[in-house]
Amino acid sequence: MSSCLRQRIIPRMFLYYSFIFTVALTFSGLPAKVISATVSSTVAQTFLGVGGSGAWWPHDLFTFPDSVRQNLSSLLFSESGLGLSSYRYNLGSGGVDVSNTVRAPQTPYVSAGVYNFSVDPQGTYFLQQASNFGVPGITMFINSAPAPLTSNKASCAGQFVTGSGAAYATYMVDVAEHWREAGINISYISPMNEPDNSFGPIPCGQEGMLVEPSQRAEVVSSLWNELNSRGLSSAIGILADETSSTGVAPTEYSAWLPEVVDMVAHLVHHAYDFPSDTNYLGYVNAAHAASNGKTTWMSEICCSLGTPAGTGRGYSQGFDPTINNALMFAGLVFQSFVIGGEAHYDFWTLVSNAIGCEPLSSSSCATTPNSNGWTDGMIYYDPDYATNGNHELYLVKHFWTYKHFGNFVKPGTQRHPVTGSDANEYTLIVSNSTTYSVIAMNPNATASTISLTFPETVCGTTGFRTSASEDFATIAAATGSGSAWSLPLSATSLTTYIFNRKAC
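Residues numbered from 1 in each chain as written. Predicted model: local features only at pLDDT ≥ 70, side-chain atom pairs only at ≥ 80, totals over all residues. Heavy atoms only, no water.

S.K.: Help me understand the state of the cysteines in this model?
M.R.: A covalent bond between the sulfur atoms of two cysteines is what we call a disulfide. A full pass over the atoms with the stated rule returns four disulfides. The disulfide partner of Cys 156 is Cys 204, and the gap between their sulfur atoms is 2.1 Å. On the S-S bond that ties Cys 156 to Cys 204, the torsion sits near 85 degrees, and the link is right-handed. Of this pair, Cys 156 sits in the loop between β7 (137–141) and β8 (158–159) while Cys 204 sits in the loop between β9 (186–190) and β10 (209–210), and the two are 48 residues apart along the sequence. Like Cys 204, Cys 156 is buried. Two residues, Cys 302 and Cys 303, share a disulfide whose sulfurs are 2.2 Å apart. A torsion of -70 degrees about the S-S bond marks the disulfide between Cys 302 and Cys 303 as left-handed. Residue classification places Cys 302 among the buried residues on the basis of a relative accessible area of 0%. Here the disulfide map of the chain reads 1-2, 3-4, 5-6, 7-8, the bonded cysteines being numbered as they appear in the sequence. (Disulfide = S-S within 2.5 Å. Helix = DSSP H or I, 4+ residues; strand = E, 2+ residues; numbered from the N terminus. Buried < 20%, exposed > 50% of the residue type's maximum accessible area, 1.4 Å probe, protein only.)

Encoded structure:
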């Protein structure tokens, strides 16, 4: 992961689990709290996608049996799985001076205008799978230009070379056009993923290229000019600038954005500073002010411990596959969609080998927190698969909580604000022309009930719940009639209730 500098982080302890368990015992006998709220008839935003990254797990998973690769593709892209509507394909730099081969995808670049598109079968296999499953939004993102184009002729610890924008743009558009002609709809290019970090020194743990704020306009304008010259500027959007934190990004916009604001499709950021709600909204407001209202996207995050309610979160080592941490990460999605009003959300690496234990030696390895691994995936695999032959895929609770967003927050759906004295950020109302989906999180150790009033007559049809004991269980529909409905929420759970936009 572009920000997962694992060697720099000191593991945290998992003391908060005992606290949560104690609270659950203390309050288990209390009656469910009733939360009253009203769904607005107005639309807050139209969604563009929910997804994640194809870095760097394709390197390993490509070597797995075909049945496992097909199962993984289905888990990621089909509606029976996560149902992702966004996939981020990592176009490699070639891995020059990168010590970790898993994080060093090969580049098709041979020389100017000369390419070998067969050098990265790992990455392109899953790119093709995303396309085959009909994922509508495919982004090609780049951590570093090909080594021959960087300041130090390496894939990391170097810098974008001022004046090389045209050559770099030609390369990116040549690659995107190649895959589009092959039937894979590359719809966005992100030319500088985390330009605030070169990920040096050599030998590096991953690819990276520093692009100073004063250089970023050249990168964007060169790419737009190349796209426009080929009639692709309306077909392929430019995402920028994917700076690693919401605190840094707006302080740098004035150095590059005014010159290219009309060339950028969406302002895209990471959130490794794990901002508070106030600071998150402050970032979004600053981005809108700097861009005349451009849509903002959250495109990368991982690696945090913390409680279901979000306390204690921050970039840190530790593997926590439980519902507690899964709800903490679900809370970050709510923060982006409800607090920030953003249209698109991507998690970082969807699949990880940083499980921190030996699954063949312990049946509880994949379900028990440890301090050696990392919470940076939704599906895990054995890092020793090549020697022990273990090709099992381990789904953690994060997979099941993210499925609620992947399955029901589709491109073109819309969010309706929730109002009322009891309204909170953990209630997301998503509509299309025929249904409402109410995605609601209860981070507390006691059950609650939402008393929800819709702006029209609806009919509850079904529900789905993820909890400590349930993955994606089908549950009874909400109860009520007309526009007034009761939605029970189990303790420490994420639930989606479905309503038809018509009378029962």
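S.K.: Even after reading the chapter, I still don't get the packing of aromatic side chains, so can you show me in this structure?
M.R.: Following the criterion strictly, the structure yields 36 aromatic pairs and no others. Taken together, a centroid distance of 6.4 Å and an interplanar angle of 45 degrees make the contact between Phe 160 and Tyr 168 tilted. Accessibility expressed as a relative area gives 3% for Phe 160, which makes it buried. Taken together, a centroid distance of 4.8 Å and an interplanar angle of 55 degrees make the contact between Phe 454 and Phe 499 tilted. With Phe 454 in the loop between β22 (448–453) and β23 (459–466) and Phe 499 in strand β27 (residues 493–500), this residue pair connects regions lying 45 residues apart in the sequence. (Phe/Tyr/Trp six-rings, centres within 6.5 Å; stacked < 30°, edge-to-face > 60°.)

S.K.: I tried to follow the layout of surface pockets on my own but got confused; where do I start?
M.R.: Over the atoms a probe the size of a water molecule is rolled, and this reveals where empty space is left. Within this model, the second largest pocket holds a volume of roughly 290 Å³. As for the second largest pocket, its lining consists of 20 residues, of which Lys 33, Ile 35, Asn 424, Asn 444 and Ser 448 are closest to the centre. Elements represented by at least two residues in the lining of the second largest pocket include exactly β1 (33–39), β21 (435–442) and β22. Looking at the lining of the second largest pocket, its residues break down into twelve nonpolar, six polar and two charged. (1 Å grid on protein atoms, 1.4 Å probe; cavity = no way out; pocket = protein on both sides within 12 Å on 5 of 7 lines; lining within 4 Å. Points joined across faces, edges and corners; volume = space filled by probe spheres on them. Nonpolar A, V, L, I, M, F, W, Y, C, P; charged D, E, K, R; others polar.)

S.K.: Whenever I open this one, empty space enclosed by the protein confuses me. Can you help?
M.R.: Evaluation of the coordinates by the stated rule reveals three cavities of 30 Å³ or more. Quantified by volume, the largest cavity comes out at close to 80 Å³. Residues that form the lining of the largest cavity fall into these classes: nine nonpolar, two polar and no charged. Counted as a void, the second largest cavity has a volume near 50 Å³. Lining the second largest cavity, in full, are Tyr 89, Leu 91, Gln 106, Pro 108, Asn 116, Phe 117, Val 119, Asp 120, Thr 124, Val 175 and Trp 179. Here the lining of the second largest cavity is composed, by residue class, of seven nonpolar, three polar and one charged.

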